[in-house]
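Fold and contact review
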Number of protein chains: 2
Amino acid sequence: MVNQRLDTGWQACKSDSSGGSNSGESSKESSRCSTPVLDADRTDRLRDKMRRRIESGDRWFSLEFFPPRTAGGAVNLIARFDRMGSGGPLFIDITWHPAGDPGSDKETSSMMIASTAINYCGLESILHLTCCNQTKEKITAHLNKAKRLGLKNIMALRGDPIGADWEEEEGGFNYATDLVKHIRHEFDDYFDICVAGYPTGHPEAESYEEDLKHLKEKVDAGAHFIVTQLFFRAETFLKFVKDCRAIGITCPILPGIFPIQGYHSLRQLVKLSKLEVPEEIMQVIEPIKDNDDAIRNYGIHHAVEMCKVLLASGDVPGLHIYTLNREVATIEVLRQLGLWAEDPRRPLPWAVSAHPKRKVEDVRPIFWASRPKSYIYRTQDWDDFPNGRWGNSSSPAFGELTDYYLFYLKSKSPKEALLKMWGEELTREESVYEVFTNYITSQVNQSGHKVRCLPWNDDPLAPETNMLKEKLEKVNRRGVLTINSQPNINGKPSSDPIVGWGPPGGYVFQKAYLEFFTSSENVSALLKVLKKYEPRVNYHIVNVQGKNITNAHDMQPNAVTWGIFPGREIIQPTVVDPVSFMYWKDEAFALWIEQWGKLYEEESPSRMIIQYIHDNYFLVNLVDNDFPLNNCLWQVIDDMFELLDAPPEPLE
Amino acid sequence: MVNQRLDTGWQACKSDSSGGSNSGESSKESSRCSTPVLDADRTDRLRDKMRRRIESGDRWFSLEFFPPRTAGGAVNLIARFDRMGSGGPLFIDITWHPAGDPGSDKETSSMMIASTAINYCGLESILHLTCCNQTKEKITAHLNKAKRLGLKNIMALRGDPIGADWEEEEGGFNYATDLVKHIRHEFDDYFDICVAGYPTGHPEAESYEEDLKHLKEKVDAGAHFIVTQLFFRAETFLKFVKDCRAIGITCPILPGIFPIQGYHSLRQLVKLSKLEVPEEIMQVIEPIKDNDDAIRNYGIHHAVEMCKVLLASGDVPGLHIYTLNREVATIEVLRQLGLWAEDPRRPLPWAVSAHPKRKVEDVRPIFWASRPKSYIYRTQDWDDFPNGRWGNSSSPAFGELTDYYLFYLKSKSPKEALLKMWGEELTREESVYEVFTNYITSQVNQSGHKVRCLPWNDDPLAPETNMLKEKLEKVNRRGVLTINSQPNINGKPSSDPIVGWGPPGGYVFQKAYLEFFTSSENVSALLKVLKKYEPRVNYHIVNVQGKNITNAHDMQPNAVTWGIFPGREIIQPTVVDPVSFMYWKDEAFALWIEQWGKLYEEESPSRMIIQYIHDNYFLVNLVDNDFPLNNCLWQVIDDMFELLDAPPEPLE
């Protein structure tokens, strides 16, 4: 749901109901713990989202991926989810690889990839599930696990029989219909169910008509919508829809779109799916079969033209794209169709998780702003998520982050790339300052590499932070090692392309925030300077041992991002919370060692420099509470430098 | 706690604790339902409030009242609580009248007056309780009832024996000490306990020294502080404190200050308390004993001079004033001492209740803004109160308001006064428009009376609403009968004398709001006009039958007042809640009949006009969501009038 167009979701629903008076029922009980619907798209089931889109005439797209083969592939795929999620798919789906331990906890399993897509990437996801040659117990176990992980949608498939001499099994799963029935029987209405349609008939079906009847059975058994096998001509699909409607299939039918991306992938897919590529396509492709770019360009052109016909027909509410786990062709097709969200609307300033348990969550500490996956991981066991208020719970019960190895928490860059960015050899603390500075400025370092990430930021600088670039460069160069910041904002429209979020017609606000590591010498000067900025600036200053210096109330969170919208309660998605800061501090300090220090040999000078910083520097955060005025935090740092530069005061 | 200086309460508490890391304890459970401490003064016990004031050196005052004799007296006393509460007493106390059914539910009982002071006037209150000639069961019953009503503080007294031949009773309550012990024994630490001290010794005590020992026993039995009997010379009290400290009494000792207000009241009190008036006072008073003003002026002068000495001594953290239920002298003494809060800081834009159950409450619907006592009454059975978010509970479970006769809900004006203000005889709907207009303008009506209240507003126009006077006058004159409104505010300092509230250094905001009754003809035109103001303006339009026209989300509250403060979460104390509006609508329509219509004979023309309005008019509320722009709601009304004035459109 990240970055999705929310035009319908956010809209006030117009009602003219003769409500009648309520005051007759004056029940004594009242539960004041509230759950405002921040965004219907976050709480609705997939079938309801589709229904609303169909009603409003808003066309959507969805994306199909298959699980990766290697751990590295998994890290890349998750990064791709983040990028492609920003285009605004209504959902993604993950295929089931019967041979590849798909229900396991392996980082490459279908189950884990789908879980990560939902929990960490915030994408509405469908998990494929095939039932052929499976026991009911096994299937139920898979479904239970899926439910536990937050998955709400299943694509129910028969799957390909293993071995050629497959026969129907008494009491087993012989058809997808059996699986649909089983899901309904065991899980009632819990899952939204999708089934496959074959616009040219299933290759094993006796006839096209016979196959349509099977499809009708699947839908009647309890499926909510249909995604079709790929096809090459718009009329194939449109006839298929007409035929479906004729026999009484009324649910949404989504065309499966396969942008041809290469000669070999086309051949392979066609072979697997037993489809025939129309002559007019083969005639174009055969002559250019060794020119990948040319084929891809043709594939894009062909897909766009076909989709235009489909969308114009009025029978197609959304397009389902077979991505083959690649980005370029898919995005280009969707761009040309105007379906790719170029300027995605953000429901909140941070990307929300799609786990159903988190549907009301709308407040988070600012500290994890650049490490949202780590935040989600460390809070995954919570029963409730903050809504409206962060609260002053004395024990937010953060899980420990020792699992840096989990693929969804890993840096996108391998060790070699990190060494090139952060230095093969560090000689002094200033070498570290330079890495931070190069990250800010996007300049290449001495060995000619751009610093594209830091242990605390796995992505390049946010556009918002870009606004602070010049200031940030200056202070990092002098050892104020910034890891998080935001400018103050005094009521910008919620539609602002850089800092806007939430429904249209609103206003967003921020208090200026700055978080950095710096030496204890700097902290001594800083504390003297901060006296001048009381009570305007709140600070928390802590070292790895937990020595904590603050002028803020022990338990009071400080809202640093909030929005005011038509017809809504105030939303304050980001807070500086003193209690969580102590948990974040452990993670922030540990990243020095876990992500940076461990790149070097033990006892090596490089490692020892990182260790020294870890052991001796302080983590500082500053909030300028006076958001309508110019941000004073830079002046605070300047004053600190000035004090450090001043000649020592003569003794009286 | 209404309108109290909150300098210390709001202040961020500076801490420099070496907190140590928390991340080791990663308990799985977490309760995310939060209770931020909005204002320590609201949640602290009285003893803690005193301690904090003593630590910060902030002097306080408190006020003693006795229960009234008549129902009318009770209405007046409650109005006096509201007025004197605004001066910022740390607490008030209500004496116990053993002969007057003090623990009953009568509107004149000590128990009811104290309960009203807490629940409806938001004043920290102490209930006196005397134990002489009472059974333990009776005392326990009183204490249980007090606890149930939200009372947290007891002044434990022996009381005067009934009859002259009082003797100690075996196992009974013979001394206040017995009562203190009983409270401690039965209610543990629940109540804060105050006991009486006698600066010149209790008249029945064997000696001054013996009486001091008794006092020590009372404190040792579990009392938290001492309030003294009145005295006439500062040195009397200062010696008493010194003597108390000498024998080991360490709790706060508050001097009882009695501003002489008249010759006869002085004589009577002196007789009752068996005190002697010093010669130097009698010499001044005797010659002017028939000149009430002169005596009062002297009494003020004398009290101020004595209090100055007391405060200067450093031994007096607060003054306890015996008000005799009068305002002038007490307020004047406190003003001259600089203790009266001339510009009281409001912790929230509305006056908070002091009931312990409501200590976290910080959101209310705007509808009851002028009828807070009714709101408190209708929500008294809630188990939780909204904190941070109003929420979208579909059943806020408002109690019915049928008890218009309850003294704390009654109009301050008797029937005759209301008839003079609202008209002895109404002849047409426009007569009603005129009443509304006269209320707005504070002009006298045709019969020469100022309209000081309306059924929906028992007080004159708020200063904030005064800002809208001209506009309001214009629309009321034309039958847009306004009952609630607020201007938009885009970030005024929280210290603003008119619209400010909350801790210093913050900013307050409002969306413009307007609520009125108007005819169905006007509503038809209004609805056409409102189309132009979509989605900027949210509206709810409802008639007495509950026909409900709105463009707002069914369940979404709209925050219309909020504040941003240093180091805190956002506070949004006022919302327009669609669900509560349906409950408010019943009350708002009923007030036409209950408070106005019933002033007239049944079937009388006046009564029928009110009934007609009740049956046919609509209640409308409008919110202009675009708070940074100029309030457009007046333009909306102007457009409506323009449409109504326009010649009918020619048929095509």
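Sequence order as written defines the numbering, with residues in each chain counted from 1. Each chain is given a letter, starting from A, and each ligand a number, starting from 1, according to the order in which they appear as written. Residue-level local features of this predicted model are given only where pLDDT is at least 70; pairs of side-chain atoms are given and counted only at 80 or more, and the full residue set underlies all totals for whole chains, interfaces and linings. To get the side-chain values, all heavy atoms of the structure are used, and hydrogens and water are removed first.

With that out of the way, let us pick up the environment of P414(A). Secondary structure elements follow DSSP: runs of H or I of four or more residues count as helices, runs of E of two or more count as strands, with numbering from the N terminus. Take P414(A): it is sitting in the loop between helix 14 (372-378) and helix 15 (415-422). A C-alpha to C-alpha distance of 8.8 Å links P414(A) and G72(A), two positions 342 residues apart in sequence.

Let's shift gears to unusual backbone geometry. Note that the residue after E534(A), namely P535(A), is joined by a cis bond; omega there is -10 degrees. With respect to the helices and strands, the residue P535(A) is situated in the loop between helix 19 (520-530) and strand 14 (537-543). Backbone geometry at N325(B) places phi at a positive 60 degrees, although glycine is not the residue there. Looking at the secondary structure, you find N325(B) in the loop between strand 8 (318-322) and helix 13 (328-336). Of note, S442(B) is a non-glycine position whose phi angle comes to about 60 degrees, a positive value. Its place among the elements puts S442(B) in the loop between helix 16 (429-441) and helix 17 (463-466).

The subject of this paragraph is the sheet that holds strand 11 (residues 489-493) of chain B. All names here are of chain B. Ordered by their spatial adjacency, five strands build an open sheet running 9-17-16-12-11, and the pairing between neighbours is mixed. Only two strands of the sheet have a single neighbouring strand rather than two, namely strand 9 (364-365) and strand 11. The pairing criterion is simple: DSSP has to find at least two bridges between the two strands. For strand 9 and strand 17 (residues 571-576), the ladder comprises two bridges, and the chain directions are parallel. Note that in strand 17 the partner of R364 across the bridge is T574.

Residues and elements named next belong to chain A. Along strand 8 (residues 318-322), five of the five residues are buried, which leaves the element largely enclosed by surrounding structure. Only protein chains enter the accessibility calculation, which uses a 1.4 Å probe; a residue is then buried when its area is under 20% of its type maximum, exposed when over 50%, and partly exposed in between. Of the two faces of strand 8, the one holding G318, H320 and Y322 and the one holding L319 and I321 are both buried throughout. When strand 1 (residues 60-65) meets strand 8, the two strands line up parallel, connected through five bridges. Bridging from a neighbouring strand, F61 pairs with L319 of strand 8. Relative to strand 8, strand 7 (residues 253-257) runs parallel, the two being bridged by two bridges. Its bridge partner lying in strand 8, I257 is registered against I321.

All names here are of chain B. A helix is expected to reach a length of 1.5 Å times the quantity of its residues less one. Counted at 1.5 Å a residue, the expected span for helix 16 with its 13 residues is 18 Å, and the 19 Å between its end C-alpha atoms agrees. Burial analysis of helix 16 places ten of its 13 residues in the buried class, which makes it a mostly covered element. By the burial criterion, the buried members of helix 16 are S431, V432, Y433, V435, F436, T437, N438, Y439, I440 and T441. Looking at the residues trailing helix 16, positive phi occurs at S442, about 60 degrees.

Attention shifts here to the pattern of salt bridges. By definition, a salt bridge exists where a carboxyl oxygen of Asp or Glu is found within 4 Å of a side-chain nitrogen of Lys or Arg. Scanning all chains against the criterion turns up 71 salt bridges over all chains. Of the charged contacts, one joins E124(A) and K49(A) as a salt bridge, the two residues approaching to 2.4 Å between their closest N and O atoms. Of this pair, E124(A) sits in the loop between helix 5 (110-119) and strand 3 (125-130) while K49(A) sits in helix 3 (residues 46-56), placing them 75 residues apart in sequence. The class of E124(A) is buried, set by a relative accessible area of 3%. Across the pair E280(B) and R233(B) runs a salt bridge whose closest N-O atoms are separated by 2.9 Å. Taken as a pair, E280(B) in helix 11 (residues 279-285) and R233(B) in the loop between strand 6 (225-230) and helix 9 (234-246) lie far apart in primary sequence, 47 residues in all.

Time to look at the domain arrangement of chain A. All names here are of chain A. The domain architecture assigned to chain A consists of domain 1 (53-261 + 292-337) and domain 2 (364-645). Segmentation into domains, and thus their bounds, comes from an automatic or database assignment. The distance between the C-alpha centroids of domain 1 and domain 2 comes to 40 Å. Between two residues, a contact is recorded if the distance between any of their heavy atoms is within 4.5 Å. On the domain 2 side, the residues contacting the twelve residues of domain 1 number nine residues. Two parts lose some accessible area (1.4 Å probe) when they are put together, and adding that loss for both gives the buried area. Between domain 1 and domain 2, roughly 970 Å² of surface is buried when both sides are summed, and carbon and sulfur atoms account for 69% of that area. The largest share of the area that domain 1 buries against domain 2 comes from V75, E107 and Y120, three residues that together contribute 60% of it. Along the contact surface separating domain 1 from domain 2 lie one salt bridge. The closest approach of N and O atoms between D82 and K373, which form a salt bridge, is 2.6 Å.

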